[in-house]
Amino acid sequence: ADCRYTCHQECRSLIQLDCRHPGQCQSQLSPEGTLLPPCSQNVTQTVAEEKPEPPTLQEIKEKIDKYNTKVTNCLLMKLNEDGTYTGFIKVHLKLRRPVTVPAGIRPQSIYDALKEVNLADMTDKRTSFYLPLDAIKQLHISSTTTVSEVIQGLLKKFMVVDNPQKFALFKEMRKDGQVLFQKLPLTEYPLYLRLLAGPDTNVLSFVLKENETGEVEWDAFSIPELQNFLMILDREEKDKIQQVQKKYEKFKQRLQQTLQEARGKPG
């Protein structure tokens, strides 16, 4: 009666109020006056209302013009007549696991790229190797290019035959001296994010990493890939053992040398 408190019907039994006149409030509590529809319906409506409207063609044009004034490397964005636009993004490759590529295949030529020749289909032989850490690849994409298509395009350029689901595209942001990573959904449009952030890669950059989903889905790997993992783990284990042995062997030698020097001194 005093505070006009409103709640959902299923939440009624959970409400505890510090009310001045609890009896009066309880007597006037009625489904018609104070109760709302179930919260699931109300939440759905709220989310729909908060969804931002897509930018108009004029807004896109203004953003592109503003973006191009900040470009220093001639990699401009271009607005097309149909309202789409094209531009460039740089993707940092930070892959810590080996990738699978065709064995004995020559590098892709310009002719192959223009004709969309897939060299990976020319042989069934496979090999694994590590891509250079933090290598950078520049892509020319459209505003309609999704994260999923960017990942597939990167794998095709490096002739990687692994399942694209093993990889994920992240956006890297720097704020208050901290580096923040956020995994992008497959339906996101990277060029639009680049347009909003501007051309400065210190503000926003894209990173290709392994798709860490908690548990490793070993079924997604082939038998040769699993065998390569075992070989790599075995090699890393042996290297680690040698490092530990060398460390304590040097420590032992220093102790023995110190003891010998101490024996010749009085006291």
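In this text the structure is predicted, and so the values were computed from the model without any measurement. Every residue gets a number counted from 1 within its own chain, in the order that chain's sequence is written. The model is predicted, so local features are restricted to residues of pLDDT at least 70 and side-chain atom pairs to those at 80 or more, both for listing and for counting; the totals for chains, interfaces and linings are taken over all residues. Excluded from the side-chain calculations are hydrogens and water; all other atoms, namely the structure's heavy atoms, are used.

K.L.:
Whenever I open this one, helix α7 (residues 190–197) confuses me. Can you help?
P.N.:
Since there are 3.6 residues in each turn of an α-helix, residues three or four apart along the chain are aligned in direction. Those residues of α7 not exposed but buried are Pro190, Leu191, Leu193, Arg194 and Leu195. Residue contacts are counted whenever heavy atoms from the two residues lie within 4.5 Å of one another. Numbering of helices and strands runs from the N terminus; a helix is a DSSP stretch of H or I covering at least four residues, while a strand is a stretch of E covering at least two. Next to the buried residues of α7 lie α4 (57–70), β4 (85–93), β7 (135–142), α6 (147–157), β8 (167–175) and β10 (204–210). Where α7 terminates, the next one or two residues include glycine 198, which has phi positive at roughly 90 degrees. Note on exposure labels: buried denotes an accessible area under 20% of the residue type's maximum, exposed denotes more than 50%, and partly exposed covers the range between, all computed with a 1.4 Å probe on protein chains only.

K.L.:
I keep staring at empty space enclosed by the protein and nothing clicks. Help me out?
P.N.:
By rolling a water-sized probe across the atoms, one finds the places where empty space is left. Space inside and on the surface of the protein is sampled on a 1 Å grid over the protein atoms alone, with a cavity defined as a set of points where a 1.4 Å probe fits but cannot get out and a pocket as an open set with protein on both sides within 12 Å along at least 5 of 7 lines; lining residues have an atom within 4 Å of a point. Grid points are joined across faces, edges and corners, and a volume is the space filled by probe spheres set on the points. For the structure on display, the rule yields two cavities of 30 Å³ or more. Empty space within the largest cavity amounts to approximately 100 Å³. Domain borders in the structure are assigned automatically or taken from a domain database. Residue-level mapping places the lining of the largest cavity at the junction of two domains, with at least three residues from each of domain 1 (57–106 + 123–210) and domain 2 (221–260). If you add up the space inside the second largest cavity, you get close to 30 Å³.

K.L.:
Explanation requested: the nonpolar core in the structure shown.
P.N.:
Inside soluble globular proteins, nonpolar side chains tend to come together where they are buried. Joining through side-chain atoms within 4.5 Å is the link that ties buried Ala, Val, Leu, Ile, Met, Phe, Trp, Tyr and Cys residues into a set, and such a set is a nonpolar core. Ile89, Val91, Phe167, Leu169, Phe206 and Leu208 are the most contacted members of the largest nonpolar core, which has 30 residues in total. Among the elements of the structure, α4, β4, β5 (99–102), β7, α6, β8, α7 and β10 are those that each provide at least two residues to this core. At five residues, α6 tops the list of elements feeding residues into this core. Ignoring any residue separated from it by four or fewer positions in sequence, one finds phenylalanine 206 in contact with Ile89, Lys90, Val91, His92, Leu169, Phe170, Leu184, Pro190, Leu193 and Arg194.

K.L.:
Honestly, the side chain of threonine 145 in this entry has me stumped. Any pointers?
P.N.:
Within the secondary structure, threonine 145 sits in the loop between β7 and α6. Nitrogen and oxygen atoms within 3.5 Å of one another constitute a polar contact, given that in protein one can donate a hydrogen and the other can accept it, and given that sequence-neighbouring residues count only through two side-chain atoms. One polar contact links the side chain of threonine 145 to the main-chain amide nitrogen of serine 142, over a distance of 3.0 Å. The contact partners of threonine 145, leaving out residues within four places of it in the chain, are Val150, Glu188, Tyr189 and Pro190.

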